[in-house]
Amino acid sequence: RTDRYVVDYERPSAPPGVRWERCNLLAVFVRSFARGQGENGDPYAMLKLTVNPIRLRPSGLVRWRSTAAAQQPTATEDPEWDNALPFEKIPTPSLLGFLKEFGPFGPYKNATMYDLHRRMREMFGPLILMKGMFGREDIVMTFEPEDFEKVFRSEGLWPRRTGMDAFVYFRKHHRPEYFQGYGGLLAEQGEDWYKTRKTVNPIMMQPKIIKQYVSKVDVVAQEFMEIVHGLRDEKNELPANFNEYLNRWALETMGVLVLDTRLGVLDRAQTPEVKRWTELTKDAVELFYTLDVLPSPWRKIKTPGFHKLMRTLDELTQIISSKLDEAVVRMEKNPSADSDTLSILEKLLKVNPKVAYTMSMDSLFAGIDTTSSGVTGLLYLLAKNPAKQEKLRAELRTIMPDKKTPLTPESMHNMPYLRACIKEGLRLYPPTSGNGRCAGRNLVLQGYQIPKGVLVGMGQLVLQREEGFFPRASEFLPERWLTAEARAGCPSAKEVNPFIYLPFGFGPRSCIGRRLAMLEMEIMISRIVRSYDIRWNYGEMKYRASIVNVPATDLQFELNDLRD
């Protein structure tokens, strides 16, 4: 279909002959995890699927349609349903065949998520049924953008996206006395999810509110730059574990945003508590991937990995809770008169204390690896494309005549090339692997019946890098995101099916932390590019498959001081 595409709400202008309709995208960032001890034996069958789809979009005149249509499915069943093949006929890999290719001894055992998805499509086609096992639900994987749109448009006002089973189990079953039945945005579904989202949106999604944090985030970034300066060796290269420093920067920044508190993560002499915090977060991400993405029998038999995750989340919850308690006590003793200076926790406490605690905890857990992963990918691309790096630096000099010029909401307002670089970086190296939604009604995808409630994973990660969908897909071309006048002949991202590039998801259940993540990346990239000429001397950067795409390569960037 060439007449039903949704416009990304940040696109500046429609091409000739294209009619704009008001776009009502809600951008939302969800990253959640937390606590636990004690169990009950209830089987839990929910799955967190992170997949990223992509596909060709026709060129020429296209009518761009409002995303509001996605919230109101008009029929309970697809008109093609009666003539479609049954769900059970969808191509399905056997367990033995799957493990032979992707298991611990298969040729793709250490492959990136991109390579895994690409190989799956080569072997099984553009629509795959992954049969649930060990108590996990079935998953349908599609690599067709028209399918992405169809699923999203079926989701209604309360989109259902099954979360990480182990995480939901932790909050609902393992630690119910602590969370009192409230799972947060990731764990909740239906009306309970909607009520939470409605509470959080005005605080975490309003651009004017996010702008209030520019100066605070910039202070942390400037302090981090002083640390970076001292990390370089005699060749001006950063240490192999620079990713750990980026994670510490992201955590320190979230402490300022959420709690208005300096956690001390950037201090060279870290406290045992802070050091343990970062270790636990890393362990939790790895365990979630092992238990909820890879085949695992923990839903039937509680495995050693499951028990380790529960202990990890118990300890992590205890650490984060103590920080939240300290922040609440401090706020009560020194209430802020100016609402503009309130932290996210303070603003949420005024609305709903239960939501405030859970959302703050989720932010402090989940806003680390994702943001640092986005920064890493873009630094690598800029280092490999010095002309683009210099073009970005020229734009930054207009607002930062000196390397240490403070950044303000006003100076950051109009930075089109910076934002284009970030978008292009997220296209080539997204922090997560994609999107997933449960069908909001009976659907037909590629001639097969998909019953209501089935989880559909979207293979955008593969499509974002394919020539058939993005012209010159392998090239780093920030210009594709600019206006026609600024593109200078570069292919336009607006000629691509908009359901292919959704780094923060789509619709009412998109990423709640999107604006915070963008702010952090904008400021950190600005500081590094304005201070250093960035180079890379070690071949292609590799990422390893996980809940979050984290670098498998040592981040030994070469940073050479700029004279001006």
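Along each chain, residues carry numbers from 1 onward, in the same order as the chain's sequence is written. Given that this is a predicted model, residues contribute local features only at a pLDDT of at least 70 and side-chain atom pairs are listed and counted only at 80 or more, while totals for whole chains, interfaces and linings are drawn from all residues. Excluded from the side-chain calculations are hydrogens and water; all other atoms, namely the structure's heavy atoms, are used.

With respect to the overall build of the protein
The condition that has to hold: Only DSSP runs of H or I with at least four residues qualify as helices, and only runs of E with at least two residues qualify as strands; both kinds are numbered from the N terminus onward. To sort residues, take the accessible area from a 1.4 Å probe on protein chains only and compare it with the maximum for the residue type: under 20% means buried, over 50% means exposed, and anything in between is partly exposed. We call two residues in contact whenever any of their non-hydrogen atoms come within 4.5 Å of each other. The accessible surface values rely on the Shrake-Rupley method and a 1.4 Å probe; as for residues, cover is taken only from the protein chains in view.
Regarding its fold elements, the protein presents 20 helices and 12 strands. For the protein, with 564 residues in total, the buried portion stands at 61%. Counted over contacts in the protein with a minimum sequence separation of 6, partners at least 24 positions apart contribute 79%. Carbon and sulfur atoms provide 53% of the accessible area of the protein, an area that totals close to 22400 Å².

Observations regarding the packing of helix H1 (residues 95–102) against helix H2 (residues 113–124)
Let me state the cut-off plainly: Interaxial angle, 0 to 180 degrees, is taken between N-to-C directions of lines fitted to C-alpha atoms, where a helix line uses only the stretch in contact. Put simply, angles under 35 degrees are roughly parallel, angles over 145 are roughly antiparallel, angles from 65 to 115 are roughly perpendicular, and the rest are oblique. By definition, any crossing whose near helix is turned counterclockwise from its far helix by less than a right angle is left-handed, and any crossing with a clockwise turn is right-handed.
At a minimum axis separation of 12 Å, H1 and H2 run at an interaxial angle of 135°. Here H1 is positioned oblique relative to H2, judged by the angle of their axes. With respect to the hand of their crossing, H1 and H2 are arranged in right-handed fashion. For the pair H1 and H2, the contacting residues are Phe98, Glu101 and Phe102 in the first and Leu116, Arg119, Met120, Met123 and Phe124 in the second.

Considerations on the confidence of the model for the protein
Condition: The quantity called pLDDT is the predictor's confidence in a given residue, expressed from 0 to 100.
Across the protein, pLDDT averages 83, with 85% of residues at or above 70. When pLDDT is averaged over each helix and strand of the protein, the minimum, 35, is found for strand S1 (residues 5–6) and the maximum, 98, for strand S9 (residues 532–535). Here residues 1–74 is a poorly scored stretch, pLDDT under 50, and it has 304 contacts once near neighbours within four places are set aside; other chains count.

A look at the packing of helix H16 (residues 386–397) against helix H17 (residues 416–428)
Here is the rule we go by: Nonpolar residues are Ala, Val, Leu, Ile, Met, Phe, Trp, Tyr, Cys and Pro. Charged residues are Asp, Glu, Lys and Arg, and all others, Gly as well, are polar.
Where H16 meets H17, the axes come as close as 8 Å, and the angle between the chain directions of the two elements is 145°. Contact with H16, carried on its side by Lys388, Lys391, Leu392 and Glu395, involves Pro416, Tyr417, Leu418 and Cys421 of H17 and no other residues of that element. Along the lines of polarity and charge, the residues of the contact of H16 with H17 split into five nonpolar, no polar and three charged.

Quick notes on the packing of aromatic side chains
This is how the line gets drawn: Two rings belonging to Phe, Tyr or Trp (six-membered ring only in the last case) form a pair when the distance between their centres is within 6.5 Å. Interplanar angles under 30 degrees mark stacking, angles over 60 mark edge-to-face geometry, and anything in between is tilted. Both a distance and an angle decide whether a charge sits over a ring: NZ of Lys or CZ of Arg must be within 6 Å of the ring centre and within 35 degrees of the ring normal.
Summed over the entire model, instances satisfying the criterion amount to 21 aromatic pairs. Ring geometry for Phe470 versus Trp481: centroids 6.4 Å apart, planes at 45°, classification tilted. Remark: Trp481 occurs in the loop between helix H18 (460–463) and helix H19 (484–487) and Phe470 occurs in the loop between H18 and H19; sequence separation between them is 11 residues. In this structure, Phe470 and Trp481 share a single accessibility class: buried. Counting every residue linked through ring pairs, the aromatic cluster contains Tyr380, Tyr429, Trp536, Tyr538, Tyr543 and Phe557. The ring of Tyr429 carries the charged tip of Arg465 above its face, separated from the ring centre by 5.0 Å.

Quick word on the nonpolar core
Quick reminder of the rule: Put simply, buried Ala, Val, Leu, Ile, Met, Phe, Trp, Tyr and Cys residues joined by side-chain atoms within 4.5 Å make one nonpolar core. Where a domain begins and ends is set by an automatic assignment or by a domain database.
With 166 residues, the main nonpolar core has Phe242, Phe288, Ile450 and Phe557 as its most contacted residues. Two domains share this core, each providing at least three of its residues, namely domain 1 (77–161 + 433–464) and domain 2 (179–403 + 506–561). What Phe242 contacts, discounting residues up to four positions off in sequence, is Phe224, Val228, Leu231, Leu555 and Phe557.

Notes on the UniProt feature "binding site: heme" (unreviewed entry) in the protein
Going by this rule: UniProt positions are given in the numbering used here, feature names are shortened, and annotations may be inferred rather than shown by experiment.
Per the UniProt entry, the sites bearing "binding site: heme" (unreviewed entry) are Cys511 in this numbering. Inspection of the secondary structure puts Cys511 in the loop between H19 and helix H20 (514–531). When its relative accessible area of 5% is taken as the criterion, Cys511 is described as buried.

Thoughts on the pattern of salt bridges
Note the threshold: In what follows, salt bridge is the name for a side-chain nitrogen of Lys or Arg lying within 4 Å of a carboxyl oxygen of Asp or Glu.
For the structure shown, the criterion picks out 36 salt bridges. Between Asp362 and Arg171 there is a salt bridge, with the nearest N and O atoms lying 2.4 Å from each other. Of this pair, Asp362 sits in helix H14 (residues 353–366) while Arg171 sits in helix H4 (residues 165–174); the two residues are 191 residues apart in sequence, bridging distant segments of the chain. Residues Arg472 and Glu475 are paired through a salt bridge, measuring 3.0 Å at the closest nitrogen-oxygen approach.

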